[in-house]
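# Chain and residue survey
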Amino acid sequence: MANDVWDITKDLRIQYAKVVSGVTTWYDITADSYDVSIDRGILVEQQVFARPDIGTARISLEKSSLADFTVAPDYKSDMPFRIQYRPAPDTASGIWNNLFWGLIQNISMFYDVDAKKLKITITANDLIKVLLNMQLPSFSISTGSLGFRGAMNALATACNSVDSRAYFSQAGTPGLGGATIQWANSWVDTAVSEILNQFLDAELGWLWCEMGSSNLYLTRLDIDNLQATAWSTSRGTVSNIHSSSTLHYCMDHVELNYDSDQLVNDVKVTETVSTPASDKKATNSTSTSTYGVQTQEFSITMNPGTSPYTAMSDWASAVVNAADPKQIRSVSCPALRRDGKTSNVVTHDIAYPLQVEFTDGTNTIQQTQLITRIKHQISADHWEVTLDLWRGI
């Protein structure tokens with residue numbers, strides 16, 4: 001009888017790949033037991049800047065055989081590596097979905113004499129590491145590539161010419177341009193991370209590695225569109241209110257947080273190249289009246305245009321208008337439903353507008369926030385998913 005109940009011993013696979021003559025072949029890493037930890041997404045700095053961050057996977061294996069120790073294992077550092085699960089093992093046994101895709105970083109082993117087991121730990125990084133660790137010998141932007149999307153696409157092409165694994169593309173609406181313009185500029189022997197931070201900080205954009213093998217970015221307009229997503233019963237919702245819907249995910253934990261130090265409702269933004277006349281200020285008067293004044297100064301690099309420098313004003317307004325110290329910072333929920341099937345919560349990736357609903361029996365909070373980080377803890381006993389959230393710019 002087909003019931004699609006998920007079993008870690010059969011429906012989770014850990015694989016490495018060999019590339020021979022341009023052909024990629026994947027191989028399973030088998031073991032007596034598995035313990036998997038995944039942490040990937042973006043870092044939010046100063047509650048404003050969304051910085052790309054290297055995702056990691058850590059897999060602890062136990063084997064009765066010493067073969068991987070006595071003979072060098074077939075898998076090694078810098079090999080392609082992925083973690084996959086089978087969402088419907090009975091009705092669609094050939095379909096495997098990615099949870100993580102990257103490159104092996106480190107392998108460590110030791111033999112537990114008491115347990116008579118070879119214990120192996122494999123650490124892998126997603127492809128953001130290739131991108132952020134890259135040094136470009138030269139790169140320039142000029143007329144035709146000064147808008148955020150044009151500058152990002154030009155940078156992606158330059159990275160691709162050095163290492164195709166570092167390539168990135170727009171995840172949002174195809175052709176939807178950015179909100180900012182860069183100065184024409186040239187860089188020599190410069191870390192890609194430095195250039196990326198300049199572009200992303202000015203745009204208030206996002207960049208991350210998705211569950212597959214692609215690095216993706218969003219413009220400010222992409223993010224605005226996602227944050228404007230209306231509450232709907234057809235969207236994924238983490239809640240502590242019972243529902244039989246497959247788009248309802250049972251809440252194990254919620255982090256409700258009020259911290260006035262994480263609030264920015266009075267902003268001054270300075271442009272690094274132009275005259276002080278382009279510096280702008282913005283204040284969220286409703287927020288300052290409710291929570292008090294929380295002032296912060298920022299420095300960004302972009303072409304502010306001509307007076308009255310609306311691009312700078314728009315940047316400052318975007319920051320203060322997002323000011324809200326009362327946020328749901330994260331939620332946790334089981335990846336397996338009560339019937340043993342995988343929950344749809346594991347299908348959502350970074351920037352998904354997740355609905356969160358929480359009630360204490362009298363007061364109910366409903367918020368739609370974007371996913372910034374995804375963490376998995378998978379063992380023989382349990383599979384837990386933690387989603388960090390942000391009501392961003």
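Structure's up top.
Scope of this entry: the structure provided in the associated data block. Since we're looking at a predicted model, the values are computed, not measured. Here the residue numbering is sequential within each chain, running from 1 through the sequence in written order. Local features in a predicted model are, by the rule used here, given only for residues with pLDDT of at least 70; side-chain atom pairs are given and counted only at 80 or more, and totals for whole chains, interfaces and linings are based on all residues. Just so you know, side-chain values use all the structure's heavy atoms and leave hydrogens and water out.

## Quick word on the overall build of the protein chain
- Per the secondary structure count, the protein chain includes eight helices and 23 strands.
- Throughout, radius of gyration means the C-alpha value; the globule benchmark is 2.2 Å times the number of residues raised to the power 0.38. The C-alpha atoms of the protein chain give 23 Å as radius of gyration, which agrees with the globular expectation for 393 residues (21 Å, within 12%).
- Taking all 393 residues of the protein chain together, 48% fall into the buried category.
- Contacts: residue pairs with any heavy atoms within 4.5 Å of one another. When contacts within the protein chain are restricted to residue pairs at least 6 apart in sequence, long-range pairs at least 24 apart make up 70% of them.
- Accessible surface for the protein chain amounts to roughly 17600 Å². Of this, 48% is attributable to carbon and sulfur atoms.
- The averaged location of the 42 negative side-chain charges in the protein chain is 3 Å from the averaged location of its 29 positive side-chain charges. Each helix is a run of DSSP H or I of at least 4 residues and each strand a run of E of at least 2, with the numbering of both proceeding from the N terminus. To sort residues, take the accessible area from a 1.4 Å probe on protein chains only and compare it with the maximum for the residue type: under 20% means buried, over 50% means exposed, and anything in between is partly exposed. Under the convention used here, a 1.4 Å probe and the Shrake-Rupley method define accessible areas, while residue burial counts only the protein chains that appear. His residues and chain termini do not enter the charge count, which takes Lys and Arg as positive and Asp and Glu as negative. A charge is said to be at NZ when it belongs to Lys, at CZ for Arg, at CG for Asp and at CD for Glu.

## Looking at the sheet that holds strand S17 (residues 266-271)
- Pairing in this open sheet of three strands is mixed, and the strands run S18-S17-S19 from one edge to the other. Each edge of the open sheet is held by one strand with a lone partner, namely strand S18 (280-283) and strand S19 (295-300). Strand-to-strand twist across the sheet, computed as the mean angle between neighbouring axes with direction ignored, equals 20 degrees.
- Where S17 meets S19, six bridges bridge the pair, whose relative direction is parallel. Two strands are said to pair when DSSP picks up at least two bridges between them. Axis lines are fitted through C-alpha atoms, for helices just across the contact stretch, and the angle between N-to-C directions can take any value from 0 to 180 degrees.

## Side note on the packing of aromatic side chains
- Note on ring pairs: Phe, Tyr and Trp rings are taken, using the six-membered ring of Trp, and paired if centres are within 6.5 Å. Classes follow the plane angle, with under 30 degrees stacked, over 60 edge-to-face and the rest tilted. Following the criterion strictly, the structure yields 14 aromatic pairs and no others.
- Centre to centre, the rings of Tyr 16 and Tyr 27 are 5.6 Å apart; their planes meet at 25 degrees, and the pair counts as stacked. Here Tyr 16 is found in strand S1 (residues 12-20), whereas its partner Tyr 27 is found in strand S2 (residues 23-28), with 11 residues between them in sequence.
- The buried category is assigned to Tyr 16, whose relative accessible area is 5%.
- Given the relative accessible area of 33%, Tyr 27 is considered partly exposed.
- We call a charge positioned over a ring when the NZ of a Lys or the CZ of an Arg lies within 6 Å of the ring centre and within 35 degrees of the ring normal. Over the ring of Tyr 27 we find Lys 18, and its NZ or CZ is 5.6 Å from the ring centre.
- Here the guanidinium or amino end of Arg 82 rests over the ring plane of Trp 26, the centre of that ring lying 3.9 Å away.

## Topic: a nonpolar patch on the surface
- Patch criteria: residues need more than 30% relative accessible area and no salt bridge. Like-charged residues are merged within 9 Å; nonpolar side chains of Val, Leu, Ile, Met, Phe, Trp and Tyr are merged within 5 Å. Salt bridges are defined as contacts in which a side-chain nitrogen from Lys or Arg sits within 4 Å of a carboxyl oxygen from Asp or Glu. A cluster of nonpolar side chains, namely Leu 66, Phe 69, Tyr 111 and Val 113, defines an oily patch on the protein surface of about 400 Å² accessible area.
- One can find Tyr 111 in strand S7 (residues 97-112).
- Overall, Tyr 111 belongs to the partly exposed group, its relative accessible area being 36%.

## Structural notes on the sheet that holds strand S12 (residues 206-209)
- Reading across the sheet, the three strands line up as S10-S13-S12 and stay open at both edges, with mixed pairing between neighbours. Only two strands of the sheet have a single partner each, and these edge strands are strand S10 (168-170) and S12. Ignoring strand direction, the axes of neighbouring strands in this sheet form an average angle of 25 degrees.
- Lying on the sheet, helix H6 (residues 220-227) is in contact with S10, S12 and strand S13 (215-218); it crosses S13 at an angle near 80 degrees.

## A word on the nonpolar core
- Core analysis: the biggest nonpolar cluster contains 55 residues, and Phe 81, Ile 83, Trp 206, Val 331, Leu 354, Trp 383 and Leu 387 have the highest contact counts within it.
- The dominant element in this core, judged by the number of residues it contributes, is strand S23 (residues 383-390), at five residues.
- Residues in contact with Trp 383, not counting those within four places in the same chain, are Trp 6, Tyr 85, Leu 99, Cys 333, Pro 334, Ala 335, Leu 336, Thr 342, Val 346, His 376, Gln 377 and Ile 378. To qualify as a nonpolar core, a set must consist of buried Ala, Val, Leu, Ile, Met, Phe, Trp, Tyr and Cys residues joined through side-chain atoms within 4.5 Å.

## So, the environment of Phe 81
- Inspection of the secondary structure assignment puts Phe 81 in strand S6 (residues 80-85).
- Residue class for Phe 81 comes out buried when judged on its relative accessible area of 0%.

## A word on helix H4 (residues 148-162)
- Its 15 residues place the ends of H4 21 Å apart at the C-alpha level, agreeing with the 21 Å of an ideal helix rising 1.5 Å per residue.
- Residues Phe 148, Ala 151, Met 152, Leu 155, Ala 156, Ala 158 and Cys 159 constitute the buried set of H4. Down the axis of H4, the smallest arc covering the buried residues is 165 degrees, so these residues share one side. When the buried face of H4 is taken as reference, the exposed residues oriented beyond 90 degrees from it are Thr 157 and Ser 161.
- Turning to H4, the residues buried within the fold contact helix H3 (128-132), strand S9 (135-141), S10, helix H5 (192-203), S12 and S13. One fewer than the residue count of a helix, multiplied by 1.5 Å, yields its expected span. By definition, the arc is the one covered by directions from the helix axis to the C-beta atoms.

## Side note on the state of the cysteines
- Here, two cysteine sulfur atoms that lie within 2.5 Å of each other are counted as a disulfide. Under the definition given, this model contains zero disulfides.
- Here Cys 159 stays unpaired: no disulfide links it, and the sulfur of Cys 209, its closest cysteine neighbor, is 14 Å away.
- Of the residues examined, Cys 209 reaches a relative accessible area of 3% and is grouped as buried.

## Some remarks on the pairing of strand S8 (residues 117-126)
- Burial within S8 is extensive, with nine of its 10 residues counted as buried.
- Here strand S5 (residues 56-63) pairs with S8 via eight bridges, running antiparallel. For Arg 58, the partnering residue across the bridge sits in S8 and is Thr 123.
- Of the strand pairs in this sheet, S7 and S8 are connected by 10 bridges, and their pairing is antiparallel. Counterpart to Phe 110 in the pairing with S8 is Lys 119.
- Where S7 hands over to S8, the hairpin turn is made up of four residues, of which Lys 116 adopts a positive phi near 55 degrees.

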